[in-house]
Amino acid sequence: MEKTIDYGKPEYFENRELSWIKFDRRVLNEARDKSIPLLERLKFVSITSSNLDEFFMVRVASLKDMLRAGVKNVDIAGMNAARQLECINEDVKELVSLQYSTYNRSLLPLLNQENIYIIDAYEKLTEQQAEFVDRYFENEVYPVLTPMAVDSGRPFPLISNKSLNIAAILESKGGGLLGDKDGEIEFATVQVPSGMARLVPVPSRDPLEKTFILLEQVIEKNIDKLFSNYKVVCAHPYRIMRDADFSIDEDEAPDLLKEIQKQLKKRKWGEVIRLEVEEGIDKKLLAFLKEELHVENKRDIFYINGPIDFTFLMKMYGLEGCDHLRYAPHEPQLVPEIMPGENIFEAIQKGDILLHHPYQTFGPVIELIRQAAGDPRVLAIKMTLYRVSGHSPIIASLAQAAENGKQVTVLVELKARFDEENNIVWAKKLEQAGCHVIYGIVGLKTHSKIALVVRREEEGIRRYVHLGTGNYNDSTAKLYTDCGMLTCSEAVGEDATAVFNMLSGYSEPLSWNSLSMAPLWLRKKFLKLIRREIRNAKEGRQSYIRAKMNSLCDQEIIESLYEASAAGVRIDLLVRGICCLKVDLKGISENIHVRSIVGNYLEHSRIFDFCNDGHPEVYMGSADWMPRNLDRRVEIVFPVLDEKLKEKVLHILDVEFEDNVKAHILQQDGTYEKIDKRGKVLINSQEIFCKEADALIPGEDNTYQDRVFVPAEPVE
């Protein structure tokens with residue numbers, strides 16, 4: 001009798017939050033890579049900070065809520081909320097320490113070598129520079145500031161989330177408006193204006209030098225001018241992070257739009273979950289901040305050895321005259337199957353078209369909606385919007401289509417985290433233009449990426465569909481790697497119609513032609529595909545699984561992958577971020593290999609390749625292997641049926657699984673290591689895709705076979 005193996009033991013799983021911290025560590029490792037141009041390295045330091053901000057506002061806040069509520073549940077790795085918070089605190093403080101040592105010991109000296117200076121102390125300014133900065137304070141900064149003294153009559157003000165502030169201890173000189181006694185100690189705080197540039201350019205004698213000072217240092221040095229009747233004993237910058245996660249009982253909310261708008265206001269004033277202070281802060285001042293901000297736990301305080309909040313470094317990326325410190329920008333190329341100025345519908349009629357962003361332009365997606373808006377044959381446009389850009393051409397075309405009398409239906413997901421306000425604005429504009437707007441589905445986030453254009457042609461009604469792995473956002477399409485497909489397949493068109501009928505009403509199809517949807521059918525689909533590979537392996541047939549996604553933390557999927565590995569199925573996973581699966585567990589995951597690519601572009605596409613006994617089935621879509629994607633979101637995964645397109649998609653996976661430059665490999669102990677490149681031909685998948693896109697010729701039938709660009713000689 002075959003022994004039953006328990007694949008669900010907690011020791012077989014990595015904690016989700018700790019795995020995420022390891023991802024941010026991989027991002028920081030790019031800042032530590034000496035082969036990367038300097039300003040690119042600064043960019044990765046900035047990204048590490050913005051990632052940590054969101055992690056605390058959402059994930060850490062959620063764990064604190066669980067702790068307060070007395071929730072005893074453990075995660076798949078057997079950790080309760082208290083234990084997770086302990087480990088998070090330890091790992092994040094180590095990460096932040098590494099981040100600042102990278103900046104202070106490596107990046108700052110390198111900037112100085114390039115004649116770029118970020119002055120970290122007022123005393124380092126020349127006399128002329130100090131005079132300039134003081135004038136700048138008087139003329140530009142002083143009128144904007146609002147100093148807030150704190151005493152019995154003036155309570156501590158509400159400090160908004162993520163704002164940078166300066167706290168000070170004041171000693172009264174006597175007199176003044178309130179008649180304070182001489183020597184009386186008071187406290188004050190002033191917010192560093194978020195609407196002003198944090199990096200203040202300072203003139204230099206040498207025209208080749210670029211010198212900056214941080215705005216908070218300008219304010220700190222001149223803070224005595226804000227409190228003329230007091231002696232400033234000390235002043236130090238600080239920053240808080242608040243709980244920005246909110247939950248809505250949608251069944252009880254009569255108007256989802258109004259409820260979300262109300263919750264967004266609360267986000268600014270949620271519970272303080274992290275306090276960042278300058279290293280060496282006065283103990284009395286720190287005690288005051290802890291009391292006023294209700295920070296009770298020592299682990300919630302981070303002592304920062306340098307500028308608080310590194311997101312300002314992103315502003316340095318565009319410094320003029322520093323092209324040699326950045327990668328040469330890659331211009332997204334035309335899609336070969338679509339000639340400039342061509343009728344998009346005629347191009348799609350010739351066959352399904354694969355789009356690979358950002359190597360190829362997002363233009364065809366924009367053009368599909370733009371041409372549909374003005375085409376008299378088009379009867380209806382329907383699409384889902386999760387995140388869109390600030391000046392979205394797609395929104396403009398949808399509004400134009402409605403004004404032209406088309407039937408326009410748009411599902412705008414109001415619950416897209418940190419894009420709620422943006423999406424509310426767009427939803428209202430679309431409604432004003434005459435579009436039918438759906439504000440998501442009760443209890444679910446609509447994360448699917450689908451657009452449908454219904455067109456009357458000589459042969460009858462034809463449906464044109466775009467399906468994608470990324471958002472309808474022309475800005476992020478230049479930064480994120482995503483795939484999409486344009487098709488006028490009748491089967492896909494029928495499914496697309498069924499999708500929108502489900503989203504706008506309650507119509508559920510009896511069956512699907514090709515699309516798979518969460519939350520009702522997608523989990524079963526993936527498990528069925530994995531079990532087929534298990535069956536094939538046991539019966540001696542060809543079997544493998546290759547999958548690329550953002551995150552992998554679904555217990556049932558991971559257990560199925562363990563079972564497949566134990567049955568002899570080779571499994572190659574490309575997981576950019578969170579991975580709760582462990583590799584090289586004896587008898588459990590010895591056939592599973594996991595890699596993560598962190599490069600110039602954010603890896604965002606989801607691609608799934610199942611061997612099927614030598615007849616590969618390839619799928620793409622919007623869903624990761626996470627409980628939220630499979631159970632709590634509306635997601636779409638679609639098959640790639642056209643053989644030429646399938647070849648191109650398989651080529652994408654082939655190259656990425658050969659990457660030995662940007663890939664980090666998951667080790668048995670849970671760490672990630674880069675590949676030793678000595679003696680190997682360098683393969684940087686993102687660079688290869690850029691070169692391949694440049695080489696493709698519009699109007700010609702290009703294949704990707706034997707197109708991998710690599711150096712002729714291996715690295716010494």
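No experiment lies behind these values; they were computed from the predicted model shown.

Conventions used here
- Residues numbered from 1 in each chain as written.
- Predicted model: local features only at pLDDT ≥ 70, side-chain atom pairs only at ≥ 80, totals over all residues.
- Heavy atoms only, no water.
- Helix = DSSP H or I, 4+ residues; strand = E, 2+ residues; numbered from the N terminus.
- Rg over C-alpha atoms; globule rule 2.2 N^0.38 Å.
- Buried < 20%, exposed > 50% of the residue type's maximum accessible area, 1.4 Å probe, protein only.
- Phe/Tyr/Trp six-rings, centres within 6.5 Å; stacked < 30°, edge-to-face > 60°.
- Pairing = 2+ DSSP bridges.
- Axes fitted to C-alpha atoms, helices over the stretch in contact; angles between N-to-C directions.
- Contact = heavy atoms within 4.5 Å.
- Core = buried A, V, L, I, M, F, W, Y, C linked by side-chain atoms within 4.5 Å.
- Parallel < 35°, antiparallel > 145°, perpendicular 65-115°, else oblique.
- Left-handed = near helix turned anticlockwise from the far one by under 90°.
- Nonpolar A, V, L, I, M, F, W, Y, C, P; charged D, E, K, R; others polar.
- 1 Å grid on protein atoms, 1.4 Å probe; cavity = no way out; pocket = protein on both sides within 12 Å on 5 of 7 lines; lining within 4 Å.
- Points joined across faces, edges and corners; volume = space filled by probe spheres on them.
- Salt bridge = Lys/Arg side-chain N within 4 Å of Asp/Glu carboxyl O.
- Expected span 1.5 Å × (residues − 1).
- Arc of directions from axis to C-beta.

## Remarks on the overall build of the protein
Consideration 1: A tally of helices and strands in the protein yields 18 helices and 27 strands.
Consideration 2: The C-alpha atoms of the protein give 28 Å as radius of gyration, which agrees with the globular expectation for 716 residues (27 Å, within 12%).
Consideration 3: Principal-axis analysis of the C-alpha atoms gives the protein an extent of 90 × 65 × 60 Å.
Consideration 4: Put simply, the protein has 716 residues, and 56% of those count as buried.

## A short note on the packing of aromatic side chains
Aromatic rings considered in pairs are described by the distance between their centres and by the relative angle of their planes.
Consideration 1: Summed over all chains, the structure comprises 20 aromatic pairs.
Consideration 2: Centre to centre, the rings of Y12 and Y562 are 6.2 Å apart; their planes meet at 85°, and the pair counts as edge-to-face. Taken as a pair, Y12 in the segment before α1 (16-31) and Y562 in helix α15 (residues 555-566) lie far apart in primary sequence, 550 residues in all.
Consideration 3: Y12 sits in the buried class, given a relative accessible area of 14%.

## Quick word on the sheet that holds strand β5 (residues 199-202)
Consideration 1: Overall, mixed pairing links the three strands, which are arranged β1-β6-β5 in an open sheet. Both outer strands of the open sheet, β1 (116-119) and β5, are each paired with one neighbouring strand and no more. Sheet twist, expressed as the average angle between the axes of neighbouring strands with direction ignored, equals 30°.
Consideration 2: Its contacts with the sheet place helix α4 (residues 127-141) against β5 and β6 (210-214), and it is angled at close to 135° to β5.

## Structural notes on unusual backbone geometry
Consideration 1: At the junction of H357 and P358, the peptide bond is cis and its omega measures out at 0° in the coordinates.
Consideration 2: Secondary-structure assignment places P358 in the loop between β10 (353-357) and α10 (363-374).
Consideration 3: Of the consecutive residues A518 and P519, the connecting peptide bond is found in the cis state with omega at 10°.
Consideration 4: Along the chain, the position of P519 falls in the loop between β18 (516-518) and α14 (522-538).
Consideration 5: Positive phi outside glycine occurs at H294, with the angle close to 60°.
Consideration 6: In this structure, H294 sits in the loop between α7 (283-293) and β9 (301-304).

## Quick look at the nonpolar core
Consideration 1: Counting 126 residues, the largest nonpolar core has F526, L552, L561, Y562, L573, L581 and W625 as its most contacted members.
Consideration 2: Excluding residues within four positions of it along the chain, Y562 makes contact with Y7, Y12, F13, L581, K582, L585, I588, S589 and I592.
Consideration 3: L411, M485, V618 and L650 belong to the second largest nonpolar core, which has 46 residues in total.

## Some remarks on the pairing of strand β23 (residues 606-610)
Consideration 1: With five of its five residues buried, β23 lies for the most part within the structure.
Consideration 2: Residues R606, F608 and F610 line one face of β23 and the alternating positions I607 and D609 line the opposite face, and both faces are buried.
Consideration 3: Relative to β23, strand β19 (residues 544-549) runs antiparallel, the two being bridged by four bridges. Looking at β23, one finds that R546 is bridged to D609.
Consideration 4: By the bridge criterion, five bridges tie β23 to strand β24 (residues 617-621) in an arrangement that is antiparallel.

## Focus on the packing of α1 against helix α2 (residues 38-68)
Consideration 1: Interhelical geometry of α1 versus α2 gives an angle of 170° and a closest axis separation of 8 Å. The angle between the axes of α1 and α2 places the two elements in the roughly antiparallel class. Once α1 is placed against α2, the crossing between them reads as left-handed. Only R41, F44, V45, I47, T48, N51, L52, F55, R59 and L63 of α2 make contact with α1, whose side of the interface consists of R16, E17, W20, I21, F23, D24, V27, L28, E30 and A31.
Consideration 2: Classifying every residue of the contact of α1 with α2 gives 12 nonpolar, two polar and six charged.

## Comments concerning the side chain of E656
Consideration 1: For E656, the position within the fold is in helix α17 (residues 643-656).
Consideration 2: Excluding residues that lie within four positions of it along the chain, E656 makes contacts with K548, L574, R595, I597, E603, S685 and F689.

## Looking at the sheet that holds strand β2 (residues 148-150)
Consideration 1: Taking strand neighbours across the sheet as the criterion, the six strands line up as β2-β4-β3-β7-β8-β9 in an open arrangement whose pairing is mixed. With partners counted over all chains shown, the strands left at the sheet margins are β2 and β9, one partner each. Between one strand axis and the next, the sheet turns through 30° on average, direction left out of account.
Consideration 2: Two elements, strand β3 (residues 164-172) and strand β4 (residues 185-191), share seven bridges in a ladder whose sense is antiparallel. Looking across to β4, one finds that I169 is bridged to F187.
Consideration 3: Those strands touched by α7 are β2, β3, β4, β7 (230-242), β8 (272-278) and β9, and its axis lies near 165° from that of β8.

## Some thoughts on the layout of surface pockets
Consideration 1: In this structure, the second largest pocket spans a volume of roughly 490 Å³.
Consideration 2: Taken together, 22 residues line the second largest pocket, and the ones lying closest to its centre are D120, A121, Q217, E220 and E278.
Consideration 3: Sort the elements by how many residues they give to the lining of the second largest pocket and helix α5 (residues 215-221) lands first, with four residues.
Consideration 4: Of the residues that constitute the lining of the second largest pocket, the class distribution is 11 nonpolar, four polar and seven charged.

## Description of the pattern of salt bridges
Consideration 1: Summed over the entire model, instances satisfying the criterion amount to 42 salt bridges.
Consideration 2: A salt bridge links D323 to R326; the nearest nitrogen and oxygen atoms lie 2.7 Å apart.
Consideration 3: By relative accessible area, R326 is classed as buried at 15%.
Consideration 4: Among the charged side chains, a salt-bridge network with shared partners connects D53, R239, R274, E276 and D309.

## Some details on the environment of S514
Consideration 1: Take S514: it is sitting in the loop between α13 (490-504) and β18.
Consideration 2: For S514, a relative accessible area of 14% translates into the label buried.
Consideration 3: For S514 and Q555, which are 41 residues apart along the polypeptide, the C-alpha to C-alpha distance reads 26 Å.
Consideration 4: The residues contacting S514, other than those within four sequence positions of it, are V492, D495, V637 and P639.

## Let's talk about α4
Consideration 1: Between its first and last C-alpha atoms α4 spans 20 Å; for 15 residues at 1.5 Å apiece the expected length is 21 Å, and the two agree.
Consideration 2: Where α4 is concerned, the buried positions are Q129, A130, V133, F137 and V141. Taken end-on, α4 shows its buried residues confined to a sector of 100°, consistent with a single buried face. Facing away from the buried side of α4 by over 90 degrees, the exposed positions are E127 and N139.
Consideration 3: Tucked into the core, α4 has its buried residues touching β5, β6 and α5.

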